[in-house]
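# Remarks on the overall topology
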Amino acid sequence: MDNTVKIWSMKEFWPYVEKSFTWTDLPSKFPTKFVQFPLMTSVVHSNYVDCTRWLGDFILSKSVDNEIVLWEPKIKEQGPGEGSIDVLQKYPVPDCDIWFIKFSCDFHFNQLAIGNREGKIYVWEVQASPPVLITRLSSPQCKMPIRQTAVSFDGSTILACGEDGSIYRWDEVEHQAAKN
């Protein structure tokens, strides 16, 4: 809620992560490590940040500012918390100005899907520059905020969860006209 995106390094704690997969003693005996300071803190948005995803060395992040931002963190090795950013591109999402709307991507980060407060889903081609809006999805029954989306491995199916708990599904279909 402080408008920042924070990045922590797990490098020195990775042995504990690996140890956690084979731990057989009581969970309370597992060594606890506290990572206090982030490697980098950056203000990318001017409002609450509610969703982030890594895209290789880049970050996709969303706030309640009607857009998703693709940016590159420039981390300085000298001190924790220092660095700068390069904003690479933005994906506008109309009527996406309320808290807790999560976006999702397919496995290969070809497609990004996000809902809005009007019940519409915007599907972006993530790796196109400038950004390409692939389609807008909607259902006559859905007029409430879409809080979460899920894109299948290959991007052929998109699920959306409405604020009332309804689940909507869209499947990619091959049109006869596209074959000709």
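For the structure, check the block above.
Residues numbered from 1 in each chain as written. Predicted model: local features only at pLDDT ≥ 70, side-chain atom pairs only at ≥ 80, totals over all residues. Heavy atoms only, no water.

Quick look at the overall build of the protein chain now. If you tally the helices and strands in the protein chain, you get 2 helices and 13 strands. Principal axes of the C-alpha set define a box for the protein chain whose edges measure 60 × 40 × 35 Å. Relative to its 180 residues, the protein chain shows a buried fraction of 36%. Sequence separation of at least 24 residues holds for 48% of the intrachain contacts in the protein chain that already meet a minimum separation of 6. (Helix = DSSP H or I, 4+ residues; strand = E, 2+ residues; numbered from the N terminus. Buried < 20%, exposed > 50% of the residue type's maximum accessible area, 1.4 Å probe, protein only. Contact = heavy atoms within 4.5 Å.)

Along the chain, His45 falls in the loop between strand S2 (40-43) and strand S3 (49-55). Take His45: its relative accessible area is 4%, and that puts it in the buried class. Within the structure, the side chain of His45 is placed 2.7 Å from the side chain of Ser61, a separation counted as a polar contact. Among the polar contacts made by the side chain of His45, one reaches the side chain of Ser63 at a distance of 3.5 Å. (Polar contact = N/O pair within 3.5 Å; in protein donor to acceptor, adjacent residues only side chain to side chain.)

The strand order S3-S4-S5-S6 describes an open sheet built from 4 strands, whose pairing is antiparallel. On the outer flanks of this sheet lie S3 and strand S6 (83-92), each paired with one strand and no other. For this sheet, the mean angle separating the axes of adjacent strands, direction not counted, is 25°. (Pairing = 2+ DSSP bridges. Axes fitted to C-alpha atoms, helices over the stretch in contact; angles between N-to-C directions.)

The subject of this paragraph is the sheet that holds strand S13 (residues 167-171). Within the open sheet, the 3 strands sit side by side as S11-S12-S13. Their pairing is antiparallel. Bordering the open sheet on either side are strand S11 (146-151) and S13, each of which pairs with just one other strand. Here the strands of the sheet are splayed against their neighbours by 20° on average, with no regard to which way each runs.

With that settled, consider the pattern of salt bridges. Within this structure, the stated rule accounts for 10 salt bridges. It is possible to trace a salt-bridge network through shared partners that takes in Asp95, Asp97, Arg117 and Glu118. (Salt bridge = Lys/Arg side-chain N within 4 Å of Asp/Glu carboxyl O.)

This next bit is on the nonpolar core. Residues Leu60, Ile68, Phe103, Leu112 and Ile114 are the most contacted members of the largest nonpolar core, which totals 16 residues. Taken together, the elements giving at least two residues each to this core come down to S3, strand S5 (67-75), strand S8 (111-115) and strand S9 (121-125). Once residues lying within four places of it in the same chain are set aside, the contact partners of Leu112 are Leu60, Ile68, Phe103, Ser104, Cys105, Tyr122, Val123, Trp124 and Val126. Ile121, Val123, Tyr168 and Trp170 belong to the second-largest nonpolar core, a separate cluster that totals 12 residues. (Core = buried A, V, L, I, M, F, W, Y, C linked by side-chain atoms within 4.5 Å.)

So, to be careful, I would describe these as geometric facts and stop short of saying anything about function.
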